[in-house]
Amino acid sequence: MKILLNNILYFLAVTILLIGEARISLSYEIGNYGSNWIFVENKDDDNDDDDNSDDNDDGDDEDDETHNAGRNCLNSGCHSQGGEERFFIGGTIYQDADGTSARSGAEIKVVDKDGRTTTLRSDRLGNFYSERSLKAPYTISVSYHGREVKMPGSASHGGCNAEECHVAGASGRVFISTNDLDLTGTVVEAGAEISYDGDIKSILDAKCISCHQAGGSKSDTPLTTYAEVTDPKLITPGSDESLLLRILNKDLSEGIMWQNLNSTSEYEKIKDWIVIYNAQEFSSSQMEVAVPAAKVRLSQKGIVKYKTTTDSDGGFVMKKVKAGMYKLKIKKRGYKAYTQSYQMDQSNVLPLEITLNKK
C-alpha cells in the first residue's frame, strides 16, 4: 500500500512539472514577438466579412471627432479624390449669419443629379459630410425644429465652405435660427382706372342727367359737372355710406334711383370709384390705391399656418413666421385672388408689395 501511494505522488509531480515547462515555453515564445499581438475571440466564423453593410447609409452616423468647422474639407489636401477618406459633400451649419455658434442636430437634405436623396445631420461642431458617391449639381435644404432654408439654386460641387460659397464675404454662412421674424407687406391696386372723367361721367350722363340738370325735374341736385357730383352732401370720398350710393342701392329703402340706373355692374363701378378711388376726377396709371380688409394667408401642404387682414392703408404684419417654403394667397371680394410661392428667409426679410387686379 505504501509503495502504491509513493508511485501516485511521483506521477503527479512529473505531470505538474511538464505542464509548468509548457507554460514557460509558450510565454517565452509570445514575448519574443513583441507587444503588437492582439488576441481576438472569434464567436462566429460566418461573420468575418463585411458584405452585409448597409448600402443605404444616410450619413447620420457622423464622426464625433470632426474638425476645422467652417473650412473647406473637400480641397486637395484633405477629403478630395486624392486625399484621405473622400467626401462628396461637406459643410458647416450655424445658428447665426456671422457663424459664431454651431447648429448641431440640423437635418441636411441633398438631392443629386440622378435624383438620389441623402439625408445628413450636423454634429456638435455643426459639421456634416457624406462619403456616398453623389453627382453634381445638388439641390440642398436644411431644416431644424420645423424651420427650413433652401438654396435658391443648385450647387455645382459639394464643398459648401469653399471660398466662393458659404464663407464670410461671399454668400454668407449657412445658418438656421430659432429667432422667428415678422413678415410685413402692403396690398394695393396699381394703376387706378376708375375716374369721374373716364368712367363715371358717361354713366350719369346716360342715366341721370335728363333730370339732374337745369330745367329738369331734379334741377335742385344737378349732376352735370365733377364739382356738382362730388358735392359733400352727396359724396364722402372713401365712404360706402355716401348719399349717392344709398339712393342708387336697390337693397335699401332709400334706393329710389335704382330704377333709373338698373345696372349692378355700373353700381359697383360707382361704388368702387367713391370707396376705393376716393372719387378722383382723373385716372392715373401711376397711382396706387390701398386695398383694405384683404385676407392674407401663408400655408404649407394645404394647411394655413399664418393669417391676417390688411389694415385701412393696405398694410399687414404676420408675427414670428418660421423659416420655410409657403404658399402665399391674398383674397378680397371684387379682386382676382393672388397666389405665389414664398420662401421665408432669415437673412433678408424684405417687406412684400402685392398688387391685386380687379375682376
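In what follows, the structure referred to is the one given above.
Below you will find a few notes about this structure. A quick note: this is a predicted structure, and the numbers were derived from the prediction, not measured. (Residues numbered from 1 in each chain as written. Predicted model: local features only at pLDDT ≥ 70, side-chain atom pairs only at ≥ 80, totals over all residues. Heavy atoms only, no water.)

## With respect to the pattern of salt bridges
Then step 1. Tallying each qualifying case throughout the model produces 8 salt bridges.
Then step 2. Glu 254 is the salt-bridge partner of Arg 246, the closest N and O atoms lying 3.1 Å from each other.
Then step 3. Using a relative accessible area of 22% as the deciding quantity, one classes Arg 246 as partly exposed.
Then step 4. Relative accessible area serves as the criterion here: at 35%, Glu 254 is assigned to the partly exposed category.
Then step 5. Taking the shortest distance from any N to any O, the salt bridge between Lys 358 and Asp 272 comes out at 2.5 Å. Highlighted residues: Lys 358 in the segment after β14 (352-355) and Asp 272 in helix α6 (residues 264-275), separated in sequence by 86 residues.
Then step 6. Take Asp 272: its relative accessible area is 13%, and that puts it in the buried class. (Salt bridge = Lys/Arg side-chain N within 4 Å of Asp/Glu carboxyl O. Buried < 20%, exposed > 50% of the residue type's maximum accessible area, 1.4 Å probe, protein only. Helix = DSSP H or I, 4+ residues; strand = E, 2+ residues; numbered from the N terminus.)

## Structural notes on the sheet that holds strand β5 (residues 139-144)
Then step 1. In space, the 4 strands of this open sheet follow the order β3-β2-β5-β6, with antiparallel pairing throughout. The strands lining the two open edges of the sheet, one partner per strand, are β3 (117-121) and β6 (147-150). Within the sheet, the average angular offset between the axes of one strand and its neighbour, ignoring direction, is 20°.
Then step 2. As paired strands, strand β2 (residues 107-111) and β5 are joined by 5 bridges and run antiparallel to one another. Of the residues in β5, the one forming a bridge with Ile 108 is Val 142. (Pairing = 2+ DSSP bridges. Axes fitted to C-alpha atoms, helices over the stretch in contact; angles between N-to-C directions.)

## A closer look at unusual backbone geometry
Then step 1. Put simply, Ala 136 and Pro 137 share a cis peptide bond, and its omega is 5°.
Then step 2. In the Ramachandran plot, His 145 falls in the positive-phi region, its phi being about 50° despite a non-glycine side chain.
Then step 3. With respect to the helices and strands, His 145 occurs in the loop between β5 and β6.
Then step 4. For His 145, a relative accessible area of 57% corresponds to the exposed category.
Then step 5. Positive phi, close to 50°, is recorded for Asn 262, a residue that is not glycine.
Then step 6. Inspection of the secondary structure assignment puts Asn 262 in the loop between α5 (258-261) and α6.

## Description of the pairing of strand β10 (residues 303-309)
Then step 1. As paired strands, strand β9 (residues 295-300) and β10 are joined by 6 bridges and run antiparallel to one another. Its bridge partner being in β10, Lys 295 is matched across the sheet by Thr 309.
Then step 2. Between the antiparallel neighbours β9 and β10 lie 2 residues, among them Lys 301 with a positive phi of about 55°.

## Re the sheet that holds β9
Then step 1. Pairing in this open sheet of 4 strands is antiparallel, and the strands run β10-β9-β12-β13 from one edge to the other. Where the open sheet ends on each side, the last strands, each with one partner, are β10 and β13 (338-344). Across this sheet, the average inter-strand angle for adjacent strands is 25°, counted without regard to direction.
Then step 2. Examined bridge by bridge, β9 and strand β12 (residues 324-331) share 5 bridges and lie antiparallel to one another. Within β12, the residue paired with Val 296 across the bridge is Ile 330.

## As for the nonpolar core
Then step 1. Of all hydrophobic cores here, the largest spans 44 residues; its most connected members are Ile 270, Trp 273 and Leu 298.
Then step 2. What Ile 270 contacts, discounting residues up to four positions off in sequence, is Ile 200, Ile 203, Leu 244, Leu 245, Leu 248 and Leu 261.
Then step 3. Core analysis: the second largest hydrophobic core is formed by 19 residues, Phe 88, Val 142, Val 174 and Ile 176 among them. (Core = buried A, V, L, I, M, F, W, Y, C linked by side-chain atoms within 4.5 Å. Contact = heavy atoms within 4.5 Å.)

## Quick notes on the side chain of Thr 310
Then step 1. Here Thr 310 shows up in the loop between β10 and β11 (315-321).
Then step 2. One polar contact links the side chain of Thr 310 to the main-chain carbonyl oxygen of Val 291, over a distance of 2.9 Å.
Then step 3. A distance of 3.0 Å separates a polar side-chain atom of Thr 310 from the backbone nitrogen of Ala 293.
Then step 4. If near-sequence neighbours (up to four positions away) are discounted, Thr 310 is found in contact with Val 187, Val 291, Pro 292, Ala 293, Ala 294, Val 296, Gly 315 and Phe 316. (Polar contact = N/O pair within 3.5 Å; in protein donor to acceptor, adjacent residues only side chain to side chain.)

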